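# Chain and residue survey
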Amino acid sequence: MTASPADTPESRSINTADLYDERGEELDSIALQFQSLGGLSHFSGPVRTIQCLEDNALVKSTLGTPGEGAVLVVDGAGSLRTALMGDMIAASAVANGWAGVVINGAVRDREVLADLPLGVKALGSNPRKSAKEGAGETDVELEIDGVTVRPGAMIWCDPDGILVER
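These notes cover the structure that comes with them. These numbers were taken from a predicted model, which means no experiment stands behind them. Note that residues are indexed from 1 along each chain, following the sequence as it is written. Residues qualify for local features only when their pLDDT is at least 70, as the model is predicted, and side-chain atom pairs are given and counted only at 80 or more; totals for whole chains, interfaces and linings, by contrast, use all residues. To get the side-chain values, take all heavy atoms of the structure and skip hydrogens and water.

## Points about the environment of Asp160
Inclusion rule: Strands are runs of DSSP state E lasting at least two residues, helices are runs of H or I lasting at least four, and both sets are numbered from the N terminus onward. Contacts were defined at the residue level, with two residues in contact if any of their heavy atoms lie within 4.5 Å.
Structurally, Asp160 is set in the loop between strand E10 (154-158) and strand E11 (161-165). Setting aside residues up to four positions removed in sequence, Asp160 forms contacts with Thr16 and Ala17.

Here you go:
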């Protein structure tokens, strides 16, 4: 597997505070306090999107395809009632070259996620499985915490927060 531009040591170590100082007016900051739960503290890449509520079938199928250094942003409407990603789906994301996943919702298997070479940001965790019916939409424009997240835009994540290209 070849490294994409988003999967270089330089891109993984970009600090969002420094990036905002350099390019602030070109970027939006998501103020919602996501937790850093993956093995990579810094990750970035072009955005792919999913909008779903308590159903992770689209998350599983998307992360099972080549990611080429992209970051999957999942808008689960902030629901913490079920997990939208666990260890098996996250391992698939690693195997398929995804840089990371941002979930406006919950994950599970936190200890395993912390050991995977994958960036993971989520609101929290819940051991409860989600539905598997395929409800939702892929590659759509999302709005999270008042910030528009468009497929193809760049996203940068680190322990300080999340920046999205306008």
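Okay, back to it.
## Brief notes about the pairing of E10
Applied cut-off: Exposure categories follow from relative accessible area, calculated using a 1.4 Å probe and restricted to protein chains: below 20% of the type maximum is buried, above 50% is exposed, and the middle band is partly exposed. Whether two strands pair comes down to DSSP finding at least two bridges between them.
Taking burial as the measure, the five residues of E10 include four buried ones, the bulk of the element. Bridging between strand E3 (residues 43-51) and E10 involves four bridges; their strand directions are antiparallel. Paired with Pro46 across the two strands is Met154, which belongs to E10. Of the pairings in the sheet, the one linking E10 to E11 comprises four bridges and is antiparallel in character. If you follow Ile155 over to E11, its bridge partner there is Val164. Count of turn residues in the E10/E11 antiparallel hairpin: two residues.

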